[in-house]
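# Residue-level structure breakdown
Residues per chain, in single letters:
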Amino acid sequence: MHARKPPPSYRTQRCRKGPSDMRRAVLTTLLITAALVLPSNAAADPPDFAQNPGNTEPDAALLSDTVLDRSALYFVSYDGIVNNNSFQQDAVRTYAGYQYAAWYTDSRNAVVARRSLHGNGGWETATLPHELSVNDSHNVISLGVSPEDGRLHVAMDTHNSRIHYVRSIEGLVSRPAAHPWNSGMFGEIRRTLGDEELGAMTYPRFIVTPRGKLQFSYRTGGSGDGVNELAEYANGAWDKLGGWTSATGAWTAPNGAVSNTRNMYLHGLTYDDNGRLHATFTWREGNRSVLCDPGGLTNHDTGYVYSDDQGRTWRNGAGETVGVTGRDPVAVDSPGIVADPLGPNHGLMNQESQAVDSTDTPHAVISYVPGRFTQCVTDYSEQRTEHGRTFHLVRGDDGDWTKREVPVPPNSTQRTQLVFDQDDNAYLVMPKGKIVAASAASDWTDWTVVFDRPDMNAFGEVNVDTSRLAADGVLSVLYQEASTGTSPSPIHVADFRLG
């Protein structure tokens, strides 16, 4: 079934025939056809594998490493830092030939920077009139672009609190060379999303639909008792679409305990090229008695739903409607939404990562402590660092999910980012910036380390610019150097050529 036998440490569940088999068949047909039309005395050029998905070996070559700020704000809370968290969407992103990044500097001010990707100019910075309100790593900065009016949107500094939000002047990112870069290009900081009052919220994410509409994802309520909601931007104004997940309903744990509240933690919201919105997730229960030991996490199961109408209606893998935004939310007992079942006693991490390959196939990366080490996590931080393992999940054409263990331990409590190159090779940007890759030709089984530089001194989680990767094949990684206490440290953007 696979291109080659996985290494002995590799663990695979529910294997199926992967999409790379079809790609290889198409490639073979094309090559045979080309050979038939060549004159008998013509020398056939070797196939250009760079243009044929699944035939280029994955690789990550470091092109540059640029310091954005030598004194970025640094403190550790919830095992993370405020300038780099997996749920930021996005801390670094590209639009119209310019790249944008955001962070808090040591003065606690929010900073937004840009650089042209087509010249030799450096980063320009604009300091926004807002200071981080509390030392909480949840209170990240997320950037969004509204293509209809060329504005940059900034959401920040919120954890179960009202948002801090600002947007730029019209055309700032669609015609960047026509505008200077300074704080005067942005409006006032508001505690509402435009004119919409969101109330106490967390995890701001901006998403652009394939048709160029900007959307905003956020959670109301709290851990173990929260609702995922959506808003949409059109004609210069925001409109709330409503909640699409349920916080209520009875769920019975393996130990018989019943939890009546929860929240859905997203691994991501990703549109494919055909306009389908994919969401993978895990549930966190509000009742900690579902655990075998109070030192664990109440997260359980990996789920999957999708929407073909920009987040209004949600369907399970079989295409059945399981939720309607603002009216009938996706719930823990919605049928057919579990992609990978797992109980709450394995330290399953929330909000890791997902991506969609060029065939519109959804993938996710998750991490937890496998049962071969323990069936009862009693200290999730210590045991995840020692025994946590990363797993790659991919959805097959038949709707079944294949889960495979990545044979490179993360050795961290922190989370991993998943991206694809132009040939559908998969890259996991692990904690501390280590990059592990697998080829599409192997059905993503031949995981190997393609970049590892401990001397970069990267702290834990990093952020990636998926928009630049799609545009020019360069992966930009935003990372901050590890420090001690609250001593500021440099924050960087490292650029890699993939494939």
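For clarity, every value in this text was computed on a predicted model and none was experimentally measured. (Residues numbered from 1 in each chain as written. Predicted model: local features only at pLDDT ≥ 70, side-chain atom pairs only at ≥ 80, totals over all residues. Heavy atoms only, no water.)

## Comments concerning the overall build of the protein
A tally of helices and strands in the protein yields 3 helices and 31 strands. Look at the contacts in the protein between residues 6 or more apart in sequence, and 57% of them connect residues 24 or more apart. In the form shown here, the protein has an accessible surface area of approximately 19000 Å², with 48% of it arising from carbon and sulfur atoms. (Helix = DSSP H or I, 4+ residues; strand = E, 2+ residues; numbered from the N terminus. Contact = heavy atoms within 4.5 Å. Areas by Shrake-Rupley, 256 points an atom, 1.4 Å probe, with all protein chains shown as cover.)

## Points about empty space enclosed by the protein
Taking a probe equal in size to a water molecule and rolling it over the atoms shows the remaining empty space. The final tally for this structure, using the stated rule, is 1 cavity of 30 Å³ or more. Here the largest cavity defines a volume of roughly 70 Å³. As for the largest cavity, its lining consists of Tyr203, Arg205, Ser217, Tyr218, Arg219, Asn228, Met264, Tyr265, Leu266 and Gln351. Looking at the lining of the largest cavity, the elements with two or more residues in it are β10 (201-208), β11 (214-222) and β15 (258-271). Of the residues that constitute the lining of the largest cavity, the class distribution is 5 nonpolar, 3 polar and 2 charged. (1 Å grid on protein atoms, 1.4 Å probe; cavity = no way out; pocket = protein on both sides within 12 Å on 5 of 7 lines; lining within 4 Å. Points joined across faces, edges and corners; volume = space filled by probe spheres on them. Nonpolar A, V, L, I, M, F, W, Y, C, P; charged D, E, K, R; others polar.)

## Section: the sheet that holds strand β6 (residues 124-131)
Across the sheet, which stays open at both edges, the 4 strands sit in the order β3-β4-β5-β6 with antiparallel pairing between neighbours. This sheet does not close on itself; its edge strands, each paired only once, are β3 (92-95) and β6. Here the average twist between neighbouring strands, direction ignored, is 20°. In this sheet, strand β5 (residues 109-116) lies alongside strand β4 (residues 98-104) in antiparallel orientation, the contact comprising 7 bridges. Bridging across to β5, Trp103 finds its partner in Val111. (Pairing = 2+ DSSP bridges. Axes fitted to C-alpha atoms, helices over the stretch in contact; angles between N-to-C directions.)

## Side note on the confidence of the model for the protein
Put simply, the protein has an average pLDDT of 90, and 89% of its residues get 70 or more. With pLDDT under 50 throughout, residues 1-12 is counted as low confidence; its partners more than four residues away or in other chains account for 30 contacts. Predicted confidence for residues 14-54 stays below pLDDT 50, and this span has 46 contacts to residues more than four positions away or in other chains. (pLDDT = per-residue confidence, 0-100.)

## Considering the environment of Thr270
The topology assignment puts Thr270 in strand β15. Beyond its immediate stretch of four places on either side in the chain, Thr270 contacts Arg276, Leu277, His278, Gln354 and Val356. In this structure the side chain of Thr270 is engaged in a polar contact, spanning 2.9 Å, whose partner is the side chain of Gln354. (Polar contact = N/O pair within 3.5 Å; in protein donor to acceptor, adjacent residues only side chain to side chain.)

## Focus on the pattern of salt bridges
Working definition: two side chains of opposite charge can pair if their charged atoms are close together. All chains considered together, the criterion is met by 15 salt bridges. The partner of Asp149 in a salt bridge is Arg151, and the shortest N-O contact between them spans 3.0 Å. Taking the shortest distance from any N to any O, the salt bridge between Arg468 and Asp472 comes out at 3.2 Å. Placement of the pair is Arg468 and Asp472 together in helix α3 (residues 466-472), with a separation of 4 residues, close to one helical turn. Arg468 gets classed as buried once you look at its relative accessible area, which sits at 9%. What emerges from the salt-bridge pattern is a single network uniting Arg115, Arg468, Asp472 and Asp495. (Salt bridge = Lys/Arg side-chain N within 4 Å of Asp/Glu carboxyl O. Buried < 20%, exposed > 50% of the residue type's maximum accessible area, 1.4 Å probe, protein only.)

## Re unusual backbone geometry
Backbone torsion omega between Gln89 and Asp90 reads 10°, so that peptide bond is classified as cis. On the secondary structure map, Asp90 appears in the loop between β2 (60-72) and β3. Despite not being glycine, Asn235 has its phi angle at roughly 55°, a positive value. Relative to the assigned elements, Asn235 resides in the loop between β12 (225-234) and β13 (237-243).

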